[in-house]
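# Structural characterization, general
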Amino acid sequence: MTIKGHQKNRKGLLQRGLTDEVVAQWQDQMPSVDPITLSLGAIVTRISILNDKILARLCKEYGISTGALKLILALRRIGPPYVRRPTDLYQLLAVTSGAVTYTINLLGKEGLVEMIDDPQDGRSRLVQLTPRGLQLVNDVTVRNVELLQRAWADLEPRDKRDTVQRLLELARCWERIADRL
């Protein structure tokens, strides 16, 4: 990948980041394990940690918990009318049904979601994003994209597209194995 304007140290060499250090440490400590696969796991874990840090910052900025944000993001990305069954949400978010129920109740008190009757099954209820919840999730998403754009501003557009494609491929690989566990 081509990186424009990457930070350089006093000698003009590209600076290694903490992620490089984590990968090197694992390769040092586990030399008999496939270094490419070990590196991949370490890099993905590090990206996840950094992404969680960004999300935590956004949540603090907007006064919402990360669990609540993830739930309203799940409702938002499905499109209008932004409705899901609670069961779909806990499966999608990989949390317990109790955690989803608790989060739905909190979001309901804040006016960000509401429970509505399922038009196809009168015994069931659905979770729906409210206009207030939609505005919040849109604001947070725009802010998140701004931060992520800053994070990879030095990459060329082609490299960004290639990275997204590779990450999608990796996610599919992870899904295949995770679904079998």
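Heads up: the structure comes first, above all this text.
Reading the values: the criteria
- Residues numbered from 1 in each chain as written.
- Predicted model: local features only at pLDDT ≥ 70, side-chain atom pairs only at ≥ 80, totals over all residues.
- Heavy atoms only, no water.
- Axes fitted to C-alpha atoms, helices over the stretch in contact; angles between N-to-C directions.
- Helix = DSSP H or I, 4+ residues; strand = E, 2+ residues; numbered from the N terminus.
- Parallel < 35°, antiparallel > 145°, perpendicular 65-115°, else oblique.
- Left-handed = near helix turned anticlockwise from the far one by under 90°.
- Contact = heavy atoms within 4.5 Å.
- Nonpolar A, V, L, I, M, F, W, Y, C, P; charged D, E, K, R; others polar.
- Buried < 20%, exposed > 50% of the residue type's maximum accessible area, 1.4 Å probe, protein only.

What follows covers the packing of helix α2 (residues 35-62) against helix α6 (residues 131-151). Interaxial distance between α2 and α6 falls to 11 Å at its minimum, and their mutual angle equals 135 degrees. As far as their axial angle goes, α6 and α2 are oblique. Crossing of α2 over α6 shows right-handed handedness. Residues N51, I54, L58, E61 and Y62 of α2 form the contact with α6, whose own contacting residues are L136, D139, V140, R143, N144, L147 and L148. In terms of residue class, the contact of α2 with α6 is built from 7 nonpolar, 2 polar and 3 charged.

Attention shifts here to unusual backbone geometry. A cis amide bond links P80 with the next residue in sequence, P81, at an omega value of 5 degrees. Among the structural elements, P81 can be located in the loop between α3 (66-77) and β1 (83-84). In this model, Y82 sits at a positive phi of 60 degrees, which is unusual for a non-glycine residue. On the secondary structure map, Y82 appears in the loop between α3 and β1. We classify Y82 as buried; its relative accessible area is 13%. Unusually for a residue other than glycine, A94 sits at a positive phi of about 55 degrees. Relative to the assigned elements, A94 resides in the loop between α4 (86-93) and α5 (97-109). Look at A94 and you get exposed, because its relative accessible area is 68%.

Interhelical geometry of α4 versus α5 gives an angle of 115 degrees and a closest axis separation of 9 Å. Crossing handedness for the pair α4 and α5: right-handed. Counting all contacts with α4, which are made through P86, L89 and Y90, the residues of α5 involved are S97, V100 and I104. Per-class residue counts for the contact of α4 with α5 are 5 nonpolar, 1 polar and no charged.

Mapped onto the elements, I177 comes out in helix α7 (residues 157-178). Among the residues examined, I177 registers a relative accessible area of 46% and is labelled partly exposed.

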